Amino acid sequence: MTVTYVIDGSRVTGLERFWTVIGEAVNGPGGYFGRNFDALADCLGGGMGTPDDGDFVIEWRDHERSAQALGHEETARYLRESLARVHESNRPEVRRRLDDALAGRGPTLFDLLVDVLTAGSRPGTLRLL
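Residues numbered from 1 in each chain as written. Predicted model: local features only at pLDDT ≥ 70, side-chain atom pairs only at ≥ 80, totals over all residues. Heavy atoms only, no water.

## Considering the pairing of strand β2 (residues 56–61)
- In terms of burial, β2 is largely enclosed, as 5 of its 6 residues are buried.
- Pairing of strand β1 (residues 3–8) with β2, which is carried by 6 bridges, proceeds in the parallel orientation. Note on β2: the bridge partner recorded for Thr 4 is Val 57.
- Relative to strand β3 (residues 126–128), β2 runs parallel, the two being bridged by 3 bridges. The residue bridging Glu 59 from the neighbouring strand is Arg 127, located in β3. (Buried < 20%, exposed > 50% of the residue type's maximum accessible area, 1.4 Å probe, protein only. Helix = DSSP H or I, 4+ residues; strand = E, 2+ residues; numbered from the N terminus. Pairing = 2+ DSSP bridges.)

Written as structure tokens, this is what we have:
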């Protein structure tokens, strides 16, 4: 039986809040479903936190509000923080992505999350409502 997990997009006010909202949607209050992109991909692909039978759908309601909250401004904030932590060989690429985000160009955190939520999944696993 397909389980539907609901992300309330009006509660997503930034990336950190997204991690909390999806964790609670899947595993209840205080629940975990990844706190970074790699962990989220792992949870979706069968790692720790994956729903038991793997038969699930994620409904992202009011996703337009999330898309706005996870837009270029939040993307630039995230990349600015990442720049301080990445290996020096990756800094030019992160700097380029940061410059794009500051200019309102390139993929946003919302775009990246949608990519992770749909990568390798069967059609219909993510519903944007």
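We are not done yet, so read on.
## What to know about the environment of Ala 69
- Relative to the assigned elements, Ala 69 resides in helix α3 (residues 63–69).
- With 58 residues separating them in the primary sequence, Ala 69 and Arg 11 have C-alpha atoms 9.8 Å apart.
- Not counting residues up to four positions away in its chain, the partners in contact with Ala 69 are Val 12, Thr 13, Gly 14 and Glu 74. (Contact = heavy atoms within 4.5 Å.)

## Examining the nonpolar core
- In this structure, Phe 18, Ile 22, Leu 40, Trp 60 and Leu 113 are the most contacted members of the largest nonpolar core, which totals 25 residues.
- Secondary-structure elements contributing two or more residues to this core are β1, α1 (15–27), α2 (37–44), β2 and α6 (109–118).
- Core analysis: the next-biggest nonpolar cluster, separate from the first, contains 7 residues, Ala 76, Val 94, Leu 98 and Ala 101 among them. (Core = buried A, V, L, I, M, F, W, Y, C linked by side-chain atoms within 4.5 Å.)

## Focus: the side chain of Asp 100
- Its location among the elements puts Asp 100 in helix α5 (residues 91–102).
- Here Asp 100 falls in the buried class, since its relative accessible area comes to 17%.
- Here Arg 96 takes part through its side chain, which lies 2.9 Å from a polar atom of the side chain of Asp 100. (Polar contact = N/O pair within 3.5 Å; in protein donor to acceptor, adjacent residues only side chain to side chain.)

## Some details on the pattern of salt bridges
- The tally for this structure, following the rule as stated, stands at 11 salt bridges.
- With a closest N to O distance of 2.8 Å, Glu 59 and Arg 61 form a salt bridge.
- Given a relative accessible area of 10%, Glu 59 falls into the buried group.
- For Arg 61, a relative accessible area of 42% gives the class partly exposed.
- Between Asp 100 and Arg 105 there is a salt bridge, with the nearest N and O atoms lying 2.8 Å from each other.
- Each of Glu 93, Arg 96, Asp 100 and Arg 105 takes part in one network of salt bridges that share partners. (Salt bridge = Lys/Arg side-chain N within 4 Å of Asp/Glu carboxyl O.)

## Observations regarding the packing of α1 against α6
- One way to put it is that α1 packs onto α6 with a least axis distance of 11 Å and a crossing angle of 30°. It follows that α1 is roughly parallel to α6 by the angle criterion. Crossing angle aside, the handedness with which α1 passes α6 is right-handed. Contacts between α1 and α6 involve Leu 15, Phe 18, Trp 19 and Ile 22 on the former and, on the latter, Leu 109, Leu 113 and Leu 117.
- Among the residues making up the contact of α1 with α6, the classes are represented as 7 nonpolar, no polar and no charged. (Axes fitted to C-alpha atoms, helices over the stretch in contact; angles between N-to-C directions. Parallel < 35°, antiparallel > 145°, perpendicular 65-115°, else oblique. Left-handed = near helix turned anticlockwise from the far one by under 90°. Nonpolar A, V, L, I, M, F, W, Y, C, P; charged D, E, K, R; others polar.)

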